[in-house]
Amino acid sequence: HAPTMSFPVAGTLMIEPTESESLFELDRFAEAMLMIREEIREIEEGKADRTNNVLHNAPHTSKLLVGEWDYPYSREKAVFPTPWLRDNKYWPTCGRIDNVFGDRNFACSCAPVESYA
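Residues numbered from 1 in each chain as written. Predicted model: local features only at pLDDT ≥ 70, side-chain atom pairs only at ≥ 80, totals over all residues. Heavy atoms only, no water.

**Quick notes on the pattern of salt bridges**
Phase 1: On inspection of all chains with the given rule, the structure shows six salt bridges.
Phase 2: Between Arg 37 and Glu 44 there is a salt bridge, with the nearest N and O atoms lying 3.3 Å from each other.
Phase 3: Accessibility expressed as a relative area gives 52% for Glu 44, which makes it exposed.
Phase 4: Across the pair Arg 86 and Glu 76 runs a salt bridge whose closest N-O atoms are separated by 2.7 Å. Separated by ten residues along the polypeptide, Arg 86 in the loop between α3 (75–79) and α4 (99–104) and Glu 76 in helix α3 bring together distant segments of the chain.
Phase 5: When its relative accessible area of 47% is taken as the criterion, Arg 86 is described as partly exposed. (Salt bridge = Lys/Arg side-chain N within 4 Å of Asp/Glu carboxyl O. Buried < 20%, exposed > 50% of the residue type's maximum accessible area, 1.4 Å probe, protein only. Helix = DSSP H or I, 4+ residues; strand = E, 2+ residues; numbered from the N terminus.)

Spelled out as structure tokens, the structure:
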């Protein structure tokens, strides 16, 4: 299951992985966090646009990859930021979801309760 996450001190994030995670997976996770920090640094230093950047537009789906590319960064940077992703890529099926909107506008696709009687 997913690691435990908490915010013990303002401005920080603590992540506690499960005991079943291998060292390989922990290293991959650490590398991903470092890559995200570098993407943030690119924005801070003005090397990347504040609103149209690889971090803001993530995740990049396979459908987005094969379509028209209107971004100021390469497709490779968007979908293969590290070499090991070429062989182990998980392709998200959709882009970002507005979780707050979904929480406030809950929609159930189930049959009405009466149909279960």
